[in-house]
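Below are the chains, spelled out letter by letter.
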4 protein chains.
Amino acid sequence: VSDRQRVNVADFEAAAAERIEAGALDYFAGGAGDERTLKRNVEAYAEWELVPRVLVDVSAVDASVELFGSELSMPLAQAPVAFQRLVHADGEEAMARAADAAGTAMCLSTIATATPASVAAAAPDATKWFQLYVFSDRAVTEALLAEAVESGYDAIFLTVDAPFAGRRERDLRADFEVDVDAPSVTAAIGSDRPVSIKEVFGLVDASLDWDDLASLAAGCELPIVIKGLMHPADAELAIQAGAAGVVVSNHGGRQLDGVPATIDALPMVAEAVDGRVPVLVDGGVRRGTDVLVALALGADAVLAGRPAVWGLAVNGEEGACEVLEILKAEIRLALALLGCRTPADVTRAHVQRARRS
Amino acid sequence: VSDRQRVNVADFEAAAAERIEAGALDYFAGGAGDERTLKRNVEAYAEWELVPRVLVDVSAVDASVELFGSELSMPLAQAPVAFQRLVHADGEEAMARAADAAGTAMCLSTIATATPASVAAAAPDATKWFQLYVFSDRAVTEALLAEAVESGYDAIFLTVDAPFAGRRERDLRADFEVDVDAPSVTAAIGSDRPVSIKEVFGLVDASLDWDDLASLAAGCELPIVIKGLMHPADAELAIQAGAAGVVVSNHGGRQLDGVPATIDALPMVAEAVDGRVPVLVDGGVRRGTDVLVALALGADAVLAGRPAVWGLAVNGEEGACEVLEILKAEIRLALALLGCRTPADVTRAHVQRARRS
Amino acid sequence: VSDRQRVNVADFEAAAAERIEAGALDYFAGGAGDERTLKRNVEAYAEWELVPRVLVDVSAVDASVELFGSELSMPLAQAPVAFQRLVHADGEEAMARAADAAGTAMCLSTIATATPASVAAAAPDATKWFQLYVFSDRAVTEALLAEAVESGYDAIFLTVDAPFAGRRERDLRADFEVDVDAPSVTAAIGSDRPVSIKEVFGLVDASLDWDDLASLAAGCELPIVIKGLMHPADAELAIQAGAAGVVVSNHGGRQLDGVPATIDALPMVAEAVDGRVPVLVDGGVRRGTDVLVALALGADAVLAGRPAVWGLAVNGEEGACEVLEILKAEIRLALALLGCRTPADVTRAHVQRARRS
Amino acid sequence: VSDRQRVNVADFEAAAAERIEAGALDYFAGGAGDERTLKRNVEAYAEWELVPRVLVDVSAVDASVELFGSELSMPLAQAPVAFQRLVHADGEEAMARAADAAGTAMCLSTIATATPASVAAAAPDATKWFQLYVFSDRAVTEALLAEAVESGYDAIFLTVDAPFAGRRERDLRADFEVDVDAPSVTAAIGSDRPVSIKEVFGLVDASLDWDDLASLAAGCELPIVIKGLMHPADAELAIQAGAAGVVVSNHGGRQLDGVPATIDALPMVAEAVDGRVPVLVDGGVRRGTDVLVALALGADAVLAGRPAVWGLAVNGEEGACEVLEILKAEIRLALALLGCRTPADVTRAHVQRARRS
């Protein structure tokens, strides 16, 4: 498959599968248990249909949105993905530059193979968010957070769906260990030896609760976005604890297998939030039309993780950017063909349940 | 497969696939994006069941209908399909003769490989409709329209679901370019060099709106039928703007992937129109029983595009006619076995939702 | 596969497929159009679940029923199937003896490869029913009917779903012609040359209506059962015209493709009939549990055609009888495990819709 | 597949399939009829989704439950499975030790390849339950029951869904006979010759009814649990007859094919019981997440039969224990990720119907 034949995310996924080492590929592509939720996240989008309107003047479409004080070129940003140097030597720095080139934000993982400062230096003008795990060793967490604030990150995404590692059986079978330099992990375990994913999650504080969040939010100058909730009541609790936004997420199907697809959980969360803070959703986004479905069901924007990681694997910064540009082009075309000039024009009336997927 | 073994549309589709050049086959057979809507258009028919009545005297069945002032031998006409000379040297002229021989109408595409006048000359007594794209260069559009009127066409079908080209990835992968003589395209770009489908659609005016339609309808002596709407509110707007009919269509799944099957959109459109103008539907019709489902759900007739194109590819005019005759025979038999003597006898009570497809 | 390994109807179907000549196999196994209804008839049974009750004394189960004045050993009789000598030289006579040996009734087809008298002579004590097509040449019909009455048949099953032959594409492709001796066909066309199925149906009177039925019922000393209705309103009309029973049937999926499965149509018909006459159902019965589903949904008994024909093909009378005995054993076991002692104990509460098939 | 690659029940199932003799494998793995219910039992779990809550302190999860006076380490016990020595020479004694080591109970089958006393001696401190078939020869039954009481069993599970053997066609085809020493069978037939499964069930009293149960319960010092009901009305009758608990069961899909999945039947039974006695469910449990679905739908615990039998086949006591430990780990992790600290925290609100499986 030559480069010019890669016309969509699936093409990049296939090309990346040929380039990434087997154990790492399983890590990035896999999910928990029987991978039902991993699959459902994707398939559930096909159970919604877009209902177009016609004879609207769509000669000028504008896909941009504003989020947490920054303007993005489209309602899609790069989700946090750990250990990106496992797919390409240029790692998270390249991803940050790619997102910036595509006009959107990148969210850096706590367990990245680059420090927040290094990523910020690589893409100084970019919109940057930092994903936070709260480790049992709070000193490590606080140091990371301080570095993110100092480096000019624009928001903190606190992951709340991983008090323990999900049962990712591909990794268990392969006995997969990460042997690249993940600074926060190295700091937390006081060593740079290879570690298993399970051991990494063993560092996370399983006792974290809503009171801890409230303290964290009160002490942080950046907006705190809660990532990893699926229930409308948890969205309400998040807002009450001071969250600046929520991400409907099941961790890409990597934590508890058998939970709903995020797009199925979105409508009730969006209804509960009722516009008080931005609502994002991640998991399963592969097409611009998926993004429009999410907007119609109440999302302000989506996060997509794996797609640009496949692009990074295929061709570094350029590949990641190409994937994001494809998604942007798909979003813009879908807006036009749906009869909408902007993301804000997309309403619940623009989608309906499909009879079948 | 010998000729006498071709007993249905699927047989002609298979035979045509062996005769049409790969790039062109992808162009005619393919759809947008993941081709979900392309598939759904066909499969959705199987989600309706026909409920027959018995001991009705069906010794004399009459399948004919009247539409836009013409009588057709059956409630099915040939949908507009571009560039027909790509499948057979006799092109649109042969298709017009085939439709005429089968007693039905043919709708000629704006981006045909024959002029309206040439097609009219080939089938002077046929019922002929002209499908219109409004180009940004209005002079080209007006010239085409004038030629159609002068050549005796009976109605204009204005396509409204294509302000931009759908993302047809088969064509993107193959970098498919049309290098046959498409007179309207040649006129619009002022050259007869090969062009990509995307470039062709780049000629279309993306700013067209309901006011433009009203002006067009007021200035045209022929009935204007709006083709490509899916929403009942758009059907209402079409009637208010002077439309003489509507076609529920998603452009054969070639524009926005993920929109509903047309047969699923038909009932609400038909209810909104409520008999004020004829309602047609296209996309996915492969069987006479499909046509009866459409009638039961409120259509006055259907358009079918690909089936007779496969016939044209297999055996020119004769092949196209054979496909139309098979469909007519299937329609007539299905009427009889449903306990109906005419299309008008088919009511909503003759169908029910299938439990599963 | 040795004989003792054939433990169910599917085993006999597979064995028969190896023994019957290709064209004839397609004739018996096939259906109309895309064979959607053929498949649905079978699959729809799997969409119902049996809800068992426990701790009922089922040490003595009795599966017998009374129907049209005769006692059958089980609520299942042999459906009419044409041209049985095409699968085994012993033809309909062997089938009648097999049904008799299994304690149930056989319904002889009008277009059988044996006369009513010959079949009656072969199984003089059996319960025998005669299936009737009304030919345009009424003299042929009347002669057949008179022969059935004189030969001691117990009921007439009038087929009403075949004013024309369904579009059975397997037969069209193979150009299948029947060249065995079918006495009624020979009489109707005045010759014993091979005929196509389509030609046979061309003999049927497509103008037959409810008034004709009333006349027929008034003039016939035997009970007339209407076979081939799917709509509750037609069941009502049948009773008003003097029918002694109805068979919910779509001709085994061989007439109009796309009609509902018979088991899906049964409940509303049974509700309309409300016990005034027996209600039978055919199409798709492959298991004793299917029969219990039919009883629970309002049937007094079922007809099964293909299963014993496969038995006939495999081993003549003995094979047909073996199939009927397997079905009887399955019915008896299913009654016991459902907590029912007799067919009359099976109620609507013993079934529920399956979530999925 | 090396041992350390077996990370879930499915891995043990695959490994066991390579170790168990074909006839015996069919016996343990198979079901009745078309094995629809066998499959449904498993698949139906995937039609429920788990709805997690977040930011709950789950640093200390406790999965233990109390049942019939004993404490189990998790809400899962070993279901009765006949003839375990067919998969491993250590048989039921090894299974009892494995269950004890995993901290849970084992239910011994009446038709075991070990006596109640022998199993009790092998695992004296374990929680042990005894599954009872009532034979027509009541003396055999009474002797078995007395032995169980004397040996210190904690409860009796009376199977009520098998007045006759289900039609297990894999066994019919293979003419499968059990030639290992099954003491109760030997006693009942007065011989130790090989017997077919059908013959074993021929010993069961098909006339057993609710009055027999009441007498049995009144005369037995141990709690009597009714195993094999699917209907809420039968649960009510069981309680009225003195049952100490009920098991929603369809005998692992081995009796009447076409009955609902047990997880589909559970909610109505649990609602009818309304906490008066413990409700258990068996059939189809393969994952810790399945167990949580059952808890959410009203079960106090589940029985799982085949999983640990596969473990027994692979590696005797150790293998069986490994399977039970995997299930325990999955249960504990699923509790934590669902936001629950104990089984009692799991409520109906933690599950919802999946859109599709």
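Thresholds, definitions, all that
- Residues numbered from 1 in each chain as written.
- Chains lettered and ligands numbered in written order.
- Predicted model: local features only at pLDDT ≥ 70, side-chain atom pairs only at ≥ 80, totals over all residues.
- Heavy atoms only, no water.
- Phe/Tyr/Trp six-rings, centres within 6.5 Å; stacked < 30°, edge-to-face > 60°.
- Helix = DSSP H or I, 4+ residues; strand = E, 2+ residues; numbered from the N terminus.
- Buried < 20%, exposed > 50% of the residue type's maximum accessible area, 1.4 Å probe, protein only.
- Contact = heavy atoms within 4.5 Å.
- Buried area = accessible area lost by both parts, 1.4 Å probe.
- Salt bridge = Lys/Arg side-chain N within 4 Å of Asp/Glu carboxyl O.
- Polar contact = N/O pair within 3.5 Å; in protein donor to acceptor, adjacent residues only side chain to side chain.
- Arc of directions from axis to C-beta.
- Least-squares fit on C-alpha atoms with pLDDT ≥ 70 in both.
- Pairing = 2+ DSSP bridges.
- Right-handed = clockwise from strand over helix to strand, strands pointing away.
- Lys, Arg positive; Asp, Glu negative; His and termini not counted.
- Axes fitted to C-alpha atoms, helices over the stretch in contact; angles between N-to-C directions.
- Parallel < 35°, antiparallel > 145°, perpendicular 65-115°, else oblique.
- Left-handed = near helix turned anticlockwise from the far one by under 90°.
- pLDDT = per-residue confidence, 0-100.

With that settled, consider the packing of aromatic side chains. All names here are of chain D. The final tally for this structure, using the stated rule, is 32 aromatic pairs over all chains. Ring geometry for Trp129 versus Phe157: centroids 4.9 Å apart, planes at 25 degrees, classification stacked. A residue pair is termed long-range when its members are at least 10 positions apart, and Trp129 in strand E6 (residues 128-132) and Phe157 in strand E7 (residues 155-159) qualify at 28 residues. Per residue, the accessibility class of Trp129 equals that of Phe157, and both read buried.

Bringing the interface of chain D and chain A into the picture now. Taken residue by residue, the interface counts 32 residues in chain D and 41 residues in chain A. Across the interface of chain D and chain A, roughly 3100 Å² is buried in total on both sides, 55% from carbon and sulfur atoms. Of all residues in chain D, the largest losses of buried area upon contact with chain A belong to Val54, Leu55 and Arg355 of chain D, amounting jointly to 25% of the total for that side. Joining chain D to chain A, the criterion identifies seven salt bridges. Here chain D is connected to chain A by 14 residue pairs in polar contact (both at pLDDT 80 or more). When residues of the side of chain D that touches chain A are traced back to their parent elements, those giving at least two are strand E1 (48-50) and helix H14 (306-338) of chain D. In terms of residues, the side of chain D that touches chain A owes the most to one element, H14 of chain D, which gives eight residues.

Right, let's talk about the arrangement of the chains for a bit. The least C-alpha distance between chain A and chain C, which are not in contact, is 13 Å. With respect to C-alpha atoms, chain B approaches chain D no nearer than 13 Å, and the pair has no contact.

All names here are of chain B. Listing the buried residues of helix H10 (residues 210-218) in full gives Trp210, Leu213 and Ala217. End-on, the buried residues of H10 take up no more than an arc of 50 degrees, which puts them together on one face. Exposed side chains of H10 directed beyond 90 degrees from the buried face belong to Asp211, Ser215 and Ala218. The secondary structure elements touched by the buried residues of H10 are strand E7 (155-159), strand E10 (224-229) and helix H11 (232-240). The N-cap of H10, judged by a side-chain oxygen 3.2 Å from the amide nitrogen of Asp211 a few residues on, is Asp209.

What follows is about the relation of the copies chain B and chain A. Note on the copies: chain B fits chain A at an RMSD of 0.0 Å, the axial shift is 0.0 Å, and the rotation between them is 90 degrees. Here the symmetry operator amounts to a four-fold rotation axis. Take the interface residues of chain B: only 2% of them recur as interface residues in chain A, which is what a contact between different surfaces looks like.

Now for the pairing of strand E12 (residues 279-282) of chain B. Residues and elements named next belong to chain B. Residues Val279 and Val281 of E12 are buried on one face, and the alternating residues Leu280 and Asp282, pointing to the opposite face, are buried as well. Bridge count between strand E11 (residues 245-248) and E12: three bridges; the pairing is parallel. Of the residues in E12, the one forming a bridge with Val248 is Val281. Each parallel crossover has a hand, and the one from E11 via helix H12 (residues 262-273) to E12 is right-handed. By the bridge criterion, three bridges tie E12 to strand E13 (residues 301-304) in an arrangement that is parallel. The partner of Val281 across the bridge, within E13, is Val302. Following the chain from E12 across helix H13 (residues 288-296) to the adjacent parallel E13, one finds a crossover that is right-handed.

Our next topic: the interface of chain B and chain A. The partner chain A presents 32 residues to the 42 residues of chain B that form the contact. Between chain B and chain A, a total of about 3100 Å² is buried, with carbon and sulfur atoms accounting for 55% of that surface. At the surface where chain B touches chain A, the tally comes to seven salt bridges. Between Glu49 of chain A and Arg40 of chain B there is a salt bridge; the shortest N-O distance is 3.9 Å. Our count for the chain B to chain A interface comes out at 14 residue pairs in polar contact (both at pLDDT 80 or more). Contributing elements (two or more residues each) for the side of chain B that touches chain A: helix H3 (36-43), helix H7 (169-174), H10, E10 and H11 of chain B. Here the side of chain B that touches chain A takes four residues from H7 of chain B, the largest share from any one element.

With that settled, consider the side chain of Asp161 of chain B. Its location among the elements puts Asp161 of chain B in the loop between E7 and H7. No salt bridge forms around the buried Asp161 of chain B; measuring N to O, its nearest opposite-charge neighbour Lys227 of chain B is 5.4 Å away. Within the structure, Asp161 of chain B has its side chain in polar contact with the side chain of His251 of chain B (distance 2.8 Å). For Asp161 of chain B, the contacting residues outside a window of four places in its chain are Val54 and Leu337 of chain A together with Lys227, Gly228, Ser249, Asn250, His251 and Gln255 of chain B.

Tracing the backbone shows Thr141 of chain C in helix H6 (residues 138-150). Exposure remark for Thr141 of chain C: the relative accessible area of 3% places this residue in the buried category.

We now examine unusual backbone geometry. Backbone geometry at Glu35 of chain B places phi at a positive 60 degrees, although glycine is not the residue there. By the element assignment, Glu35 of chain B lies in the loop between helix H2 (22-29) and H3.

Residue and element names in this part refer to chain D. Running from N to C, helix H1 (residues 9-19) and H14 point in directions that differ by 175 degrees, and their axes come no closer than 10 Å. In terms of axis orientation, H1 runs roughly antiparallel to H14. On H14, the residues that touch Val9, Phe12, Glu13, Ala15, Ala16 and Arg19 of H1 are Pro307, Trp310, Gly311, Ala313, Val314, Gly319, Glu322, Val323, Ile326 and Leu327.

In this structure, Arg167 of chain D sits in the loop between E7 and helix H7 (169-174). In contact with Arg167 of chain D, other than residues within four places in its own chain, are Val7, Ile326, Ala329, Glu330 and Leu333 of chain C together with Gly31, Ala32, Gly33, Leu172 and Gln255 of chain D.

For the rest of this paragraph, the subject is the packing of helix H4 (residues 91-101) of chain D against H14 of chain D. Residues and elements named next belong to chain D. Where H4 meets H14, the closest approach of the two axes is 7 Å, and the angle between their N-to-C directions is 15 degrees. For the element pair H4 / H14, the angle class is roughly parallel. In this structure, the crossing between H4 and H14 has a hand that is right-handed. Here H4 contributes Gly91, Ala94, Met95, Arg97, Ala98, Ala99 and Ala101 to the contact with H14, which in turn contributes Ala308, Val309, Leu312, Glu317, Ala320, Cys321, Leu324 and Glu325.

Our next topic: the confidence of the model for chain A. Chain-level statistics for chain A give a pLDDT mean of 95 and a share of 98% at 70 or above. At the level of chain-chain contacts, confidence expressed as ipTM amounts to 0.96, with global pTM at 0.96.

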